[in-house]
Amino acid sequence: QKNERKRDWVGSGPRKYDPTFKGPIQNRGCTDIVCCILFVLALLGYIAVGILAWSQGDPRKVIYPTDSRGQFCGQAGTELEKKPLLFYFNIMKCASPMVLLEFQCPTTQMCVEKCPEKFMTLLKAYTNKNDFEYYKKFCKEGVTNTMGAPEILRLGLCPAMLTPSKPFTRRCFPALGQKGKVITVGNISSFDDGYGNMRDAKDLVDGVKNATVVIEARQVVMKIFEDYTQSWYWILIGLVIAMVTSLLFIILLRYLAGIMVWVMIVLVILVIGYGIFHCYMEYAALKGEPGANVTIQQLGFQTDLSVYLQIRQTWLAFMIILAIVDVVIILLLIFLRKRILIAVALIKEASRAIGHVMCSLFFPLFTFVLLAIVIAYWAVTAVFLSTSNEPVYKVFNETLCEHSRKLCDPANYTTSLMKAQCPDSECLFAFYGGETVYHKYLIGLQFYNVFLFFWCANFVIGLGQMTLAGAFASYYWAFVKPDDMPAFPVFSSLGRSLRYHTGSLAFGSLILSIIQIIRVLLEYLDHKLKGAKNKFAKFLLCCLKCCFWCLEKFIKFLNRNAYIMVAIYGKNFCTSARDAFFLLMRNMIRVAVLDKVTDFLLFLGKLLIVGLVGVFAFFFFSGRVKAFENTAPHLHYYWVPILTVVIGSYLIAHGFFSVYAMCVDTLFLCFLEDLERNDGSPERPYLMPENLRKVLNKKNKSEPAQ
């Protein structure tokens, strides 16, 4: 008995026949309690980080532009609510390289209602009462008609000049244009800078360019955000269509599984066959064309990839590759026809199982809601952490000053020693930062936020997998279906998973999260080393990234099967992972063929849904169809809603098909155990369905011969 237990521990032999086994074990205990406690403590820490971030952060720093006093332009409920635009006193100072280092122009900035619409200098505006009243809209408070223009300029209360400007990402930038090869601003090529000097319009270009580099990403984000506001309801309609299509596909698969699978296989062969025909037609059409006989090697590397489509060798290479792929698929279908029949039988049985556990189709909605909560919490915490810095003010000066770029306090700067020593200097808002203990450890808190996001997301996905595995295992091992099944198999399985196996789920998701965070760090290192010339370091990093990618895929596969074993037998994570691993290793050929064949067939179904919805979205949002021309919203980037609909459709289709995939994987493991546990005798009958027994040429001895 001791040797028997030892052999069972190393997983060298199949599981023994147990007449009392009737499916997922009901009498079970809590597993991996230490990991459960660790996960709960980590969650409490995560909540504490979120509360700390919310108390310190301020998302307005991302939404609104900030003036020289650190106030937000256009913020509701403040005196600047009706002044949403940021105006630069001297945009040409933004040409300084310090702009890119400190993300702030070394010139006074203030919030205004509208951007200036005409050329004007302070000296000329001062002589006309109406012009001066207009000019004062772009000056600091405290400017009066009794003050002289030189005094206003000396105190830095007004800009020396105004140029015609346009709002761009809530900032006023000169309205630059071009006449021939001459740069213009407000339709003129030169202007008075307010100090009696004539300047060329091209002098403004560098200032505008540097200022926009800082906010270029924000401008793109704002345009994308505007596109979403214009098209969000159409995107929702597209996602609803994807959901309805996925549901119809699942229902069809439920009743016509065999036919649909073979139709998909035939369609793949036909599509590849058409690809070969198209490549041949392109190859033949280029015959005799000038330059078409140039080889790819002679052409070398070209950034414009369309050049390669103009040479015959490219189409010949495509034709050969597709022909090989088509032949390989046909040969696989011939030699593995029996395995494919088993895969089809598994999918048919999965359809029957889902028919008996229909609420499983809607269980991904529960997983989706939990994932949405996890993602929302992570995103909000990340935003609040990144905006929890304090405003930092620095000395900006016109002439040489020893205090230049030093920290200052705007409240008492006018009476400070620095102001006395540098009379023309100003204390302006520079950037958001901080030197406190909290600010020093912000990067650590961001890292913790990312790690807990991975852990929680993997936990939620694992919970969904274990719940579905328990429900479908109760179907397989039921001797009389559905009489021997629980009344609510999904809810029963969910209750068991949360009550007994939170620790096992936390353990498996922790291992996966550690690997994923290492991959994130490797990507960060790769980004930092892009400019490095050390080829060995690049090669080593590439190898590490490849290894950890493979390791992540393996751990996901192992976790999935371990969760199935936990759901059935109620053992801890390590024991279940070992049992699943050795069970799969004892049936390696079946795993390599059946599991991947069924995955591929289900992947084809997902692609079909994404393709249908994606094509519809493309024709609608791009305005290619005249019927939708007036209905479709006018967008900056029409690919934004298309990409959103395509990604959303894939996620929705993946959600529905993940039920099928989990059902197939669970039934597959149960099927392998059935083959090892039972031999078809009246005492040990196979529990696999009749169609699987026919495909495998196995039958229960109590059944009549056919």
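The shown structure was predicted, so the numbers you read here are calculated from the model rather than taken from an experiment. (Residues numbered from 1 in each chain as written. Predicted model: local features only at pLDDT ≥ 70, side-chain atom pairs only at ≥ 80, totals over all residues. Heavy atoms only, no water.)

1. Description of the pattern of salt bridges
For clarity, the cut-off: Criterion for a salt bridge: a side-chain nitrogen of Lys or Arg within 4 Å of a carboxyl oxygen of Asp or Glu. Here a strand is any run of E in DSSP of at least two residues, a helix any run of H or I of at least four, and the numbering for each starts at the N terminus.
Tallied over the entire structure, the rule returns seven salt bridges. For the salt bridge of Glu 523 with Lys 545, the shortest nitrogen-to-oxygen distance reads 3.6 Å. Here Glu 523, found in helix H17 (residues 502–528), pairs with Lys 545, found in helix H18 (residues 535–569); they are 22 residues apart in sequence, far enough to count as distant. Taken together, the shared-partner salt bridges connect Arg 519, Glu 552 and Lys 556 into one network.

2. Examining the packing of aromatic side chains
The criterion, for reference: Two rings from Phe, Tyr or Trp (for Trp, the six-membered ring) form a pair when their centres are within 6.5 Å of each other. A pair whose planes differ by under 30 degrees is stacked, one over 60 is edge-to-face, and the rest are tilted. Exposure is judged per residue with a 1.4 Å probe applied to protein chains only, and the accessible area is read against the type maximum: over 50% gives exposed, under 20% gives buried, and values in between give partly exposed. Definition used: whenever NZ (Lys) or CZ (Arg) falls within 6 Å of the ring centre and also within 35 degrees of the ring normal, the charge is taken to sit over that ring.
Following the criterion strictly, the structure yields 21 aromatic pairs and no others. Considering the side-chain rings of Tyr 46 and Tyr 448, the 6.4 Å spacing of their centres and the 75° angle between planes classify their relative orientation as edge-to-face. Taken together, the positions of Tyr 46 in helix H2 (residues 33–56) and Tyr 448 in helix H15 (residues 442–476) put the pair 402 residues apart, joining distant regions of the chain. Residue classification places Tyr 46 among the buried positions, given a relative accessible area of 4%. A centroid spacing of 6.5 Å and a plane angle of 45° characterise the contact between Tyr 274 and Phe 277, whose relative ring orientation is tilted. Of the two residues, Tyr 274 and Phe 277 both sit in helix H8 (residues 203–285), three residues apart, roughly one turn of that helix. The exposure class assigned to Phe 277 is partly exposed, which follows from its relative accessible area of 47%. Across the ring face of Tyr 134, the terminal group of Lys 118 is positioned such that the distance to the ring centre comes to 4.9 Å.

3. Structural notes on the pairing of strand E6 (residues 171–174)
Short version of the rule: In this scheme, strands are said to pair when DSSP sees at least two bridges between them.
Here E6 shows two buried faces, one formed by Arg 171 and Phe 173 and the other by Cys 172 and Pro 174. Here strand E5 (residues 165–168) runs beside E6; their pairing, made up of four bridges, is antiparallel. Opposite Lys 166, over in E6, you have Phe 173 as the bridge partner.

4. Quick word on H2
Defined as follows: By this rule, a helix spans an expected 1.5 Å times one less than how many residues it contains.
Between the first and last C-alpha of H2 there are 35 Å, a value that for 24 residues agrees with the 34 Å anticipated at 1.5 Å per step. Taken together, the buried positions of H2 are occupied by Cys 35, Phe 39, Ala 42, Tyr 46, Val 49, Gly 50 and Ala 53.

5. Examining the packing of H2 against helix H12 (residues 363–386)
Using the following cut-off: Note on geometry: axes are lines fitted to C-alpha atoms, helical ones only across the stretch in contact, with angles between N-to-C directions running from 0 to 180 degrees. Under this scheme an angle from 65 to 115 degrees is roughly perpendicular, one under 35 degrees roughly parallel, and one over 145 degrees roughly antiparallel; angles in between are oblique. Each crossing gets its hand from how the near helix is turned against the far one by less than a right angle, where anticlockwise is left-handed and clockwise is right-handed. Should any heavy atoms of two residues lie within 4.5 Å, those residues are counted as being in contact.
Two elements in contact, H2 and H12, have axes whose closest approach is 8 Å; the angle formed by their N-to-C orientations is 45°. As summarised for this structure, H2 and H12 are arranged oblique, according to the angle between their axes. The way H2 lies across H12 gives a crossing that is left-handed. Contacts from Tyr 46, Ile 47, Val 49, Gly 50, Ala 53 and Trp 54 of H2 reach H12 at Tyr 377, Trp 378, Val 380, Thr 381, Phe 384 and Leu 385.

6. A closer look at the side chain of Thr 666
Tracing the sequence through the fold places Thr 666 in helix H21 (residues 639–677). With residues up to four places along the chain from it excluded, the contact list for Thr 666 reads Ala 469, Phe 472, Ala 473 and Ile 564.

7. A word on the nonpolar core
In plain terms, the rule: Residues enter a nonpolar core if they are buried and are Ala, Val, Leu, Ile, Met, Phe, Trp, Tyr or Cys, with the set joined through side-chain atoms within 4.5 Å.
In terms of nonpolar packing, the biggest core is built from 101 residues, with Trp 455, Phe 472, Tyr 476, Phe 657, Tyr 660 and Leu 667 touching the most fellow members. In this structure, Leu 85, Cys 115, Cys 139 and Ile 152 belong to the second largest nonpolar core, which totals 22 residues.

8. Notes on the state of the cysteines
Simply put, disulfide is the name for a covalent bond between the sulfur atoms of two cysteines. The condition is simple: In what follows, a disulfide is any cysteine sulfur pair within 2.5 Å.
One pass over the full model with this rule turns up four disulfides. In this model Cys 139 forms its disulfide with Cys 158; the gap between the sulfur atoms is 1.9 Å. With the S-S dihedral at roughly 120°, the linkage between Cys 139 and Cys 158 falls on the right-handed side. Separated by 19 residues along the polypeptide, Cys 139 in the loop between helix H6 (129–135) and helix H7 (149–155) and Cys 158 in the loop between H7 and strand E4 (161–162) bring together distant segments of the chain. Note on Cys 139: relative accessible area 6%, which makes it buried. Cysteine Cys 663 shares no disulfide, and the gap to the nearest cysteine sulfur, in Cys 670, comes to 9.5 Å. A residue is classified by how much of its surface remains accessible, and Cys 663, at 0% relative accessible area, is buried.

9. A word on the pairing of strand E2 (residues 109–112)
Side chains of E2 alternate between two faces, with Gln 109 and Cys 111 and Met 110 and Val 112 buried alike. In this sheet, E2 lies alongside strand E1 (residues 85–88) in antiparallel orientation, the contact comprising four bridges. Each residue of the ladder has a partner; that of Tyr 88, found in E2, is Gln 109.

10. Structural notes on the side chain of Ser 246
When you line up the elements, Ser 246 lands in helix H8. For Ser 246, a relative accessible area of 0% corresponds to the buried category. In this structure Ser 246 touches Ile 609, Ile 652, Ala 653 and Phe 656, once residues within four positions along its chain are discounted.

11. Observations concerning the environment of Met 120
Relative to the assigned elements, Met 120 resides in strand E3 (residues 120–121). In this view, Met 120 contacts Ala 125, Asp 131, Tyr 134, Tyr 135, Met 161 and Leu 162; residues no more than four positions away in its chain are not counted.

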